[in-house]
Amino acid sequence: MTRHDIGGHPAPRGRVAAVVPAAGSGTRLGAGMPKAFVALEGRTMLERAVAGLLASGVVDDVVAVVPDDRVDEAERLLRPLGGDDHLVVVTTGGAERTDSVRNGLAALGRAGGRGDGGAYAALLVHDAARCLTPAGPIRRVVDAVRAGERAVVPVLPVVDTVKEVDGEGYVTGTPDRAALRAVQTPQGFDPATLLAAYDAGGDVATDDAGLVERIGVRVATVPGDALAFKITTAADRERAVAELSTRTTTKEPR
């Protein structure tokens, strides 16, 4: 297995790539199909997520990771987004999210002529279900990586009181919410750092920054955005449709 040096330094003005895991079943959404292929106002979450990354002006290439039986459909949906110096690749997902991201990194490497995504100045991992994410947090994450941060996540303050509970449901503590943040995507990384985290981390993880934390790398934060919410349930989908129905072509990017 290749090992990667994870020394941090300002990233060169090279290309930026994003992996978009989109292989989830979407059971909680209740749409009867993989969540990323559910349409919102005529366009799938997958299309919106990839288009949003490319429209940010700071992402060059994207690999979408989808179920085996959805590869042809994904390629058809995403083909119009490629070209104009943008590489858009589709590959298959794995049993777990970490497997899917690994597959995506490998696909980037194959497309770029290398065995992994290490040829890029920065790598992002972005949930297809956060398909309304505006340009602002994407740019802030990329800027921070380019400035020398090895791992960066967009965050929002936690506004609700949070309780710790035991296995029987009894409260055991109340964390100070002033120190808590809700984490969003895209999460951004120096390529060597992300690849080293995946080299070292065999465990299942829902958060790429968590894998980086396990290898002792400090994770920086930048402001997120309320529109980067994750569409998980039918209520989330209704919220997204309502947001899209009120948008206008003159709305300023965040």
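These numbers were taken from a predicted model, which means no experiment stands behind them.

A. Seen up close, the packing of helix H3 (residues 97-111) against helix H5 (residues 191-200). Taken N-terminus to C-terminus, the directions of H3 and H5 make an angle of 130 degrees; their axes are 11 Å apart at the nearest point. Between H3 and H5, the angle is such that the two are oblique. Where H3 crosses over H5, the handedness of that crossing is left-handed. Of the residues in H5, those in contact with Thr98, Val101, Arg102 and Leu105 of H3 are Leu194, Leu195 and Tyr198. When grouped by side-chain class, the residues that make up the contact of H3 with H5 number five nonpolar, one polar and one charged.

B. Just the packing of aromatic side chains, in detail. For the coordinates displayed, the defined rule picks out zero aromatic pairs. Stacked on the ring of Phe37, the Lys or Arg Arg70 has its end atom at 5.2 Å from the ring centre. Directly above the ring of Phe229 sits Arg239, whose terminal nitrogen or CZ lies 3.8 Å from the centroid.

C. Structural detail: the nonpolar core. If you look at the biggest cluster of nonpolar residues, it comprises 44 residues, and the most contacted ones within it are Leu46, Val59, Val66 and Leu124. Of all elements in the fold, only strand E1 (16-21), helix H1 (45-55), strand E4 (61-66), helix H2 (71-78), strand E6 (122-125), helix H4 (135-146), strand E12 (220-223) and helix H7 (234-246) reach the threshold of two or more residues within this core. Among the elements that line this core, the one with the most residues is H1, at seven residues. In contact with Val59, not counting residues within four places along its chain, are Val16, Ala18, Leu53, Leu54, His86, Leu124 and Ile138. Residues Val65, Val125, Ala151 and Val212 belong to the second largest nonpolar core, which totals 22 residues.

D. Here's a closer look at H7. With 13 residues, H7 extends 19 Å from end C-alpha to end C-alpha; this agrees with the ideal 18 Å at 1.5 Å per step. Buried within H7 we find Asp236, Ala240, Glu243 and Leu244. The buried residues of H7 occupy an angular sector of 95 degrees when projected down its axis, which confines them to one face. Away from its buried face by more than 90 degrees, H7 exposes Glu238 and Thr246. Looking at the buried positions of H7, the neighbouring elements they touch are strand E2 (39-40) and H1.

E. Fine view of the pairing of E4. Of all six residues that make up E4, six are buried, and the element is covered over most of its length. Relative to E4, E1 is paired through five bridges, and the arrangement is parallel. Note on E4: the bridge partner recorded for Ala18 is Val62. Strand direction decides the pairing type here: E4 and strand E5 (residues 87-92), joined by six bridges, are parallel. Within E5, the residue paired with Val66 across the bridge is Thr92.

F. Quick peek at unusual backbone geometry. The step from Thr185 to Pro186 runs through a cis peptide bond, and the omega angle for that step is 10 degrees. As for its position among the elements, Pro186 is in the loop between strand E10 (181-183) and strand E11 (187-189). Backbone geometry at Glu41 places phi at a positive 55 degrees, although glycine is not the residue there. Relative to the helices and strands, Glu41 is located in the loop between E2 and strand E3 (43-44).

G. Quick peek at the environment of Arg130. Tracing the sequence through the fold places Arg130 in the loop between E6 and H4. Given a relative accessible area of 11%, Arg130 falls into the buried group. Spatially, the C-alpha atoms of Arg130 and Ala49 are 6.9 Å apart, while their sequence positions differ by 81 residues. Those residues within four positions of Arg130 in sequence are excluded, and the remaining contacts are Val183, Gln184, Thr185, Ala228, Phe229 and Lys230.

H. Spatial organisation of the pattern of salt bridges. The final tally for this structure, using the stated rule, is seven salt bridges. Of the charged contacts in the structure, one is a salt bridge between Asp208 and Arg97, with a shortest N-O distance of 2.7 Å. Within this pair, whereas Asp208 is found in helix H6 (residues 208-214), its partner Arg97 is found in helix H3, the two being separated by 111 residues in sequence. Judged by relative accessible area, Asp208 falls into the buried class, the value being 1%. Between Arg102 and Asp99 there is a salt bridge whose closest N-O contact spans 3.9 Å. With Arg102 and Asp99 both in helix H3, this residue pair falls three residues apart, about one helical turn. The exposure class assigned to Arg102 is partly exposed, which follows from its relative accessible area of 26%. By sharing partners, the salt bridges in this structure join Arg97, Asp127, Arg130 and Asp208 into a single network.

Cut-off values and rules
- Within each chain, residue numbers correspond to sequence positions counted from 1 in written order.
- Only residues with pLDDT of at least 70 get local features here, since the model is predicted, and only at 80 or more are side-chain atom pairs given and counted; chain-wide, interface and lining totals rely on the full set of residues.
- Side-chain numbers here rest on the full set of heavy atoms in the structure, without hydrogens or water.
- Fitting a line to C-alpha atoms yields each axis, with helices limited to the stretch in contact; the angle taken between N-to-C directions then spans 0 to 180 degrees.
- Note on conventions: DSSP H or I runs of at least 4 residues are helices, E runs of at least 2 residues are strands, and numbering of each starts at the N terminus.
- Roughly parallel refers to an angle under 35 degrees, roughly antiparallel to one over 145, roughly perpendicular to one between 65 and 115, and oblique to any angle outside these ranges.
- The handedness criterion is simple: a crossing whose near helix is rotated anticlockwise from the far helix by less than a right angle is left-handed, and one whose near helix is rotated clockwise is right-handed.
- Here, two residues are considered to be in contact whenever any of their heavy atoms come within 4.5 Å of each other.
- Lys, Arg, Asp and Glu make up the charged group, whereas Ala, Val, Leu, Ile, Met, Phe, Trp, Tyr, Cys and Pro make up the nonpolar group; the residues left over, Gly among them, are polar.
- Stacked, tilted and edge-to-face pairs are distinguished by plane angle, under 30 degrees for stacked and over 60 for edge-to-face with tilted covering the rest, among Phe, Tyr and Trp rings (Trp via its six-membered ring) whose centres lie within 6.5 Å.
- Any Lys NZ or Arg CZ found within 6 Å of a ring centre and within 35 degrees of that ring's normal is scored as a charge over the ring.
- The set of buried Ala, Val, Leu, Ile, Met, Phe, Trp, Tyr and Cys residues whose side-chain atoms join them within 4.5 Å is what this entry labels a nonpolar core.
- Relative accessibility decides the category of a residue: with a 1.4 Å probe and only protein chains considered, values under 20% of the type maximum give buried, values over 50% give exposed, and everything between is partly exposed.
- One less than the residue count of a helix, multiplied by 1.5 Å, gives the span that helix is expected to have.
- Here, the arc refers to the directions that run from the helix axis to the C-beta atoms.
- A strand pair is defined by DSSP finding two or more bridges across the two strands.
- Salt bridges are identified by distance alone: a Lys or Arg side-chain nitrogen within 4 Å of an Asp or Glu carboxyl oxygen.

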